[in-house]
Amino acid sequence: MEYSAVKGRIFDIQRFSVHDGPGIRTIVFLKGCPLRCRWCCNPESQSHEIQKMQLNGKEKTVGRDVTAGEIIAEVERDTIYYKRSGGGLTLSGGECLVQPDFAEALLALAHEHSINTAIESTGFADFSVIQRLLPHLDLYLMDIKHIDSDKHKAFTGQPNDKILENAQRIARSPVKLIIRTPVIPTFNDTEEEIRAIAKFAASLPGVEEMHLLPYHRIGTDKYKGLGREYSLSHIEPPSQEKMNRLLEVVNTYGLRGQIGG
Amino acid sequence: MENYLVVLSHKIYFMEQETRKKDRKMAEFYSEKIAKSPRIDRIKEKMLSEMPQIEADRAVYLTESYKQTEGEPIYIRRAKAFAHILDNIPVTIRDDELIVGSATVHSRGCQVFPEYSFEWVEAEFDTLATRSADPFYISEETKKTLHEVYKYWKGKTTSELATSYMAPETLTAMEANMFTPGNYFYNGIGHVTVKYDRVLEVGYSGIIKDIEDEIAKIKVGDGNYCKKRNLLDAMIISCKAVIRYANRYAKKARELAQNEPNSTRKAELLKVAENCERVPEFGARNFHEACQSFWFVQLLIQTESSGHSISPGRFDQYMFPYYQKSRKEGMTREFAQELMDLVWLKLNDFLKVRDEASAEGFAGYSLFQNLIAGGQDEHGNDATNDLSFMSITATEHVFLPQPSFSVRVWNGSPRAFLLRAAELTRTGIGFPAYYNDEVIIPSLMSRGLTLEDARKYNIIGCVEPQVAGKTDGWHDAAFFNMCRPLEMVFKNGFENGKQVGLKTGNVEDMTSFGEFYEAYKAQSDYFVSLLVNADNAIDVAHAERCPLPYLSCMVDDCIKAGKSVQEGGAIYNFTGPQGFGIANMADAMWAIKTLVFDQGKYTLKDFKEALENNYGKEMDSHKAEKLTVTVIKELAKKGKTVSADEIKSVYSAIIANNCPQDKKDFYAKMLSDIETLPKFGNDNKDVDALAREVAYIYTREVEKYSNPRGGKYQAGLYPVSANVPLGAQTGATPDGRLAFTPVADGVSPAAGRDVKGPTASCNSVSTLDHFIASNGTLFNMKFHPTALAGRHGLENFVSLVQGYFDRKGSHMQFNVVSRETLRDAQKNPEKYKSLVVRVAGYSALFTSLSRSLQEDIINRTEQGGF
């Protein structure tokens with residue numbers, strides 16, 4: 001099939017995104033995710049189904065079916081800003097690996113238009129799926145949330161062995177890999193836990209950067225809007241001081257650490 | 001393989017960026033920040049502690065002189081009056097100053113100019129201090145003095161003469177606020193950049209010699225001898241007066257030095273005296289003298305006439321030789337910076353009083369002295385130098401609304417310069433405004449400038465490009481509210497009992513979008529012709545009653561042509577009236593096209609009624625009060641006495657909007673249908689294409705006309721701040737905009753309607769033809785401070801500006817203040833005395849703006865980084 005005719009399901013497109021990859025980017029949010037992270041700020045991204053969500057007193061339909069061609073047409077509108085800033089397209093979600101045909105089509109089309117590509121992904125899939133995307137990818141922003149598989153499972157619903165293994169294989173590919181860790185109090189915000197992740201990241205060949213993304217509560221209203229309970233409502237975002245301490249931990253492993261994307 | 005190439009191309013891109021970073025270190029200019037002298041804050045604090053006030057000296061001496069010169073040729077009368085003012089007006093040296101010359105005794109004071117108009121000043125004596133926009137203190141004694149002075153001026157002003165030159169239908173249209181040429185109707189013209197470089201180089205003694213050489217060439221038998229000889233004599237009288245004025249300052253400085261106990265200050269004052277004895281009579285020999293010479297020119301152009309937007313232009317270029325020379329002679333960078341900071345402060349030391357209505361349109365006491373850095377030289381090389389960077393630093397140090405600071409951007413601009421400019425933007429001061437050489441240079445050439453002249457352009461006032469020392473651009477010629485002709489279509493040209501516009505037929509009977517569109521065009525064209533009549537009448541009045549010999553000796557080719565600037569003595573002559581409301585018009589046309597003609601959901605009759613009834617919405621109390629006053633005044637005019645009860649009932653009828661509930665429901669449905677339509681500013685190709693066409697209705701019509709100075713009309717698309725007061729005189733529009741609310745500013749999308757982020761907004765705005773709007777376009781963007789955070793924030797910001805410019809946008813400016821900060825400033829103005837925000841083509845102290853303009857700024861769509 002022509003790439004442009006490949007269908008997929010998204011729930012948002014955000015232009016002028018400046019925190020997910022270099023430069024000015026357009027983020028396409030794909031719907032559906034195999035993980036159920038308790039802190040997820042886009043709970044409407046998790047189910048692959050098209051849903052209704054109440055937001056600011058209005059009902060909003062979340063999710064629409066599109067073709068890769070029409071999405072690229074919109075992404076292309078900002079080509080000039082990508083060129084000026086070194087930006088491009090980022091696939092986020094949800095998890096783009098859940099829709100491999102669609103993700104591959106979007107990335108390949110972007111490259112056909114000389115647009116830089118990135119994905120923001122959990123890496124939770126069979127490597128054969130990831131392998132299909134790598135030739136069309138410039139940057140892999142990969143979440144490593146915890147080194148302890150049991151704790152990982154308790155907070156995200158899935159163990160982490162596949163994720164860690166995939167990270168090692170991606171690191172050996174020519175694609176640039178950046179490790180990102182959401183810092184979630186009660187889950188992974190101790191120095192030991194971050195140290196374990198940093199150590200792992202530093203062991204990956206070619207990985208130079210690690211980003212710490214401080215927990216925030218921006219998505220809380222969406223849980224209500226979907227009629228769901230937000231289980232982390234008692235948690236406070238980490239202080240700037242704490243983030244700085246964790247950043248130092250990261251830097252000691254020779255990684256270029258950064259707070260925020 | 002192909003994919004590999006893409007990856008490689010991206011890698012090369014990043015490598016290039018790295019190299020660029022290295023280049024920065026090798027650049028020829030000094031780009032580091034330089035520390036601020038403590039002197040700057042001392043002067044600034046003192047300056048801001050005084051309430052602006054009106055002084056009468058200029059008006060008194062002007063009038064004295066005019067009384068003595070009755071019957072003499074006008075050039076001589078103007079020159080003698082100018083000389084009489086300069087010989088007598090108080091000379092004031094403020095504490096700590098190293099650059100001297102003050103228009104008024106008190107800081108941030110204001111002189112008045114009765115030769116242009118005076119009636120409004122007198123009428124507003126008692127409200128000047130309390131009005132919401134730009135209040136001024138005026139003492140009882142000054143009121144009395146001015147009251148005496150004004151007796152002389154009845155029947156003698158440019159304003160009165162202009163009125164008598166206007167056609168009756170023009171006056172009717174102006175009364176109905178179809179357009180307002182208020183700026184030059186009541187004031188001097190200004191809007192010019194003179195040959196500062198020439199004065200710096202040879203001084204007025206050199207210019208007098210140029211004039212004398214010209215006098216030697218002309219013969220008494222020449223056809224133009226009488227006028228030319230008179231004008232040249234008047235120029236010499238003026239230049240000599242300026243030299244005497246500087247010498248008065250030298251004398252004053254010596255007097256102060258004599259009584260000065262502090263030896264450091266004493267030495268400073270003696271230096272000041274030395275400088276004023278030297279310049280501007282002779283050429284400047286060093287940077288300090290050059291700054292002083294510049295300041296006298298800047299100050300005195302604004303003493304000869306009340307015209308504002310006297311724009312210093314390319315200060316970094318014409319000052320550079322003096323900076324270089326002084327640096328070689330041992331001047332420190334710190335001292336050079338201090339002198340520049342002091343010049344920046346002086347540019348804030350005097351203000352201009354405008355009538356209440358104009359004050360709202362030009363809110364913020366602004367004098368629009370536009371100063372621009374960077375860009376190309378006449379040969380097309382990048383011209384960025386140390387002073388370009390130091391101009392940015394001066395703006396940061398002084399942090400006041402003047403000068404209106406701009407930068408030129410082109411494909412060869414050093415990245416370091418753009419990043420430094422972005423840092424200034426991040427402070428939230430609203431400076432610099434960014435201008436695109438790649439649009440403006442060809443645009444000016446399309447108006448007849450040579451390539452070399454076009455490359456040297458600078459900006460006048462808000463956003464208007466021209467070449468210095470050769471142009472009389474008449475840039476702020478009138479505000480043309482593009483929404484009003486649309487109202488006329490719905491009203492068949494008839495409003496408040498008068499035929500104001502054309503009879504384009506009953507709107508209910510129109511059967512196609514084409515017909516409706518043509519009716520709008522006909523109304524718009526008609527009002528453009530009346531606008532031209534108004535402007536040309538004013539133009540002629542200035543030439544006859546207020547030619548300016550002093551200004552004219554610094555603009556080519558007035559000396560050779562023997563004509564003042566006001567009579568067409570400049571090489572390039574234009575008239576530039578500015579249209580605004582393009583976003584509302586585009587959205588309105590789109591609503592009519594889709595809802596009436598494509599979908600048939602509503603009829604034009606529905607729209608007509610909805611607009612008449614303001615979509616069934618209540619009016620806010622402030623607007624209702626104003627409207628009530630208008631209604632009552634109308635009744636009173638007709639000789640009816642109105643009781644308090646009647647006033648009450650008029651008011652409650654206005655505020656309640658007594659239309660029946662079923663109608664209200666119908667209008668509410670209509671509004672929600674309009675809301676779901678795509679809007680200008682969201683990168684929708686169809687709506688944007690329509691916006692481009694609608695803008696052409698105005699811009700292509702304007703350029704058909706000529707002015708009395710032998711030049712052409714050229715359109716601008718910018719509003720200054722008039723989109724608020726003139727919006728307050730505009731009924732509801734088919735885009736769902738409610739009656740009397742602000743109209744969209746400049747070429748920006750309507751406030752709050754661009755929801756797809758800054759790149760989408762930029763793409764829409766750049767769809768308009770910015771080349772034809774050669775008198776300037778204005779695109780406002782508001783960013784939350786977090787969007788520019790960190791090095792990445794600056795990089796992305798610069799890339800956004802460059803991206804917009806790649807797409808051939810011509811101007812961009814930013815407000816980077818959080819909504820919360822502005823709200824807090826409304827509540828606690830005393831805490832925010834020095835909060836500067838971007839209004840339109842200029843910045844102003846936020847707390848000095850009227851409430852409604854503050855609201856407009858707060859409501860502009862705020863862009864964040866996602």
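Thresholds applied
- Residues numbered from 1 in each chain as written.
- Chains lettered and ligands numbered in written order.
- Predicted model: local features only at pLDDT ≥ 70, side-chain atom pairs only at ≥ 80, totals over all residues.
- Heavy atoms only, no water.
- Pairing = 2+ DSSP bridges.
- Helix = DSSP H or I, 4+ residues; strand = E, 2+ residues; numbered from the N terminus.
- Axes fitted to C-alpha atoms, helices over the stretch in contact; angles between N-to-C directions.
- Contact = heavy atoms within 4.5 Å.
- Expected span 1.5 Å × (residues − 1).
- Buried < 20%, exposed > 50% of the residue type's maximum accessible area, 1.4 Å probe, protein only.
- Disulfide = S-S within 2.5 Å.
- Polar contact = N/O pair within 3.5 Å; in protein donor to acceptor, adjacent residues only side chain to side chain.
- Phe/Tyr/Trp six-rings, centres within 6.5 Å; stacked < 30°, edge-to-face > 60°.
- Lys NZ or Arg CZ within 6 Å of the ring centre and 35° of its normal.

**Considerations on the sheet that holds strand β7 (residues 116-121) of chain A**
Residues and elements named next belong to chain A.
- Here 9 strands make up an open sheet; going across it, the order is β5-β1-β2-β6-β7-β8-β9-β10-β11 and the pairing mixed. One side of each edge strand has no neighbouring strand; the edge strands of this open sheet are β5 (64-67) and β11 (256-259). On average, adjacent strands in this sheet sit at an angle of 30 degrees to one another, irrespective of strand direction.
- Two elements, β7 and strand β8 (residues 139-143), share 4 bridges in a ladder whose sense is parallel. Each bridged residue has a counterpart across the sheet, and for Ala 118 the counterpart in β8 is Leu 139.
- In the packing of helix α9 (residues 240-251) onto the sheet, contacts are made with β9 (176-183), β10 (209-214) and β11, and the angle to β11 comes to roughly 165 degrees.

**Considering helix α13 (residues 287-304) of chain B**
- The terminal C-alpha atoms of α13(B), which comprises 18 residues, lie 26 Å apart, in line with the 26 Å expected from a rise of 1.5 Å per residue.
- Burial within α13(B) is extensive, with 18 of its 18 residues counted as buried.

**Thoughts on the state of the cysteines**
- Throughout the structure, instances matching the rule amount to 0 disulfides over all chains.
- Summary of cysteine pairing: Cys41(A) is not part of a disulfide, and the nearest cysteine sulfur, belonging to Cys40(A), is at 5.7 Å.
- Overall, the relative accessible area of 29% leaves Cys41(A) in the partly exposed class.
- Looking at Cys546(B), it has no disulfide partner, and the nearest cysteine sulfur is the one in Cys558(B), 16 Å off.

**Regarding the side chain of Ser366(B)**
- Mapping Ser366(B) onto the fold places it in the loop between α17 (356-361) and β2 (370-373).
- Among the polar contacts made by the side chain of Ser366(B), one reaches the main-chain amide nitrogen of Phe368(B) at a distance of 3.1 Å.

**As for the environment of Gly101(B)**
Residue and element names in this part refer to chain B.
- Relative to the helices and strands, Gly 101 is located in the loop between α4 (74-88) and α5 (119-123).
- The exposure class of Gly 101 is buried, given its relative accessible area of 0%.
- Residues within four places of Gly 101 in sequence aside, it is in contact with Tyr 249, Trp 295, Phe 296, Leu 299 and Lys 346.

**Overview of the sheet that holds strand β7 (residues 471-472) of chain B**
- One open sheet holds the 3 strands; their spatial order is β7-β11-β13 (chain B), and the pairing between them is parallel. Because the sheet does not close on itself, it has two edges, and the strands there are β7 and β13 (712-713) of chain B.

**Quick word on the packing of aromatic side chains**
- Scanning the entire structure with this criterion turns up 44 aromatic pairs over all chains.
- The interplanar angle of 65 degrees and the centroid separation of 5.6 Å between the aromatic rings of Tyr602(B) and Phe666(B) together place this pair among those described as edge-to-face. Note that Tyr602(B) is positioned in the loop between α26 (582-598) and α27 (604-612) and Phe666(B) in helix α30 (residues 661-676), a separation of 64 residues in sequence.
- Residue classification places Tyr602(B) among the buried positions, given a relative accessible area of 5%.
- One aromatic cluster is present, built from ring pairs that chain together Phe16(A), Tyr434(B), Phe783(B), Phe797(B) and Phe814(B).
- Here Lys162(A) stacks its cationic end above the ring of Phe124(A), 4.9 Å away from the centre of that ring.
- The ring of Tyr696(B) is capped by Arg700(B), whose NZ or CZ atom sits 3.6 Å from the centre of that ring.

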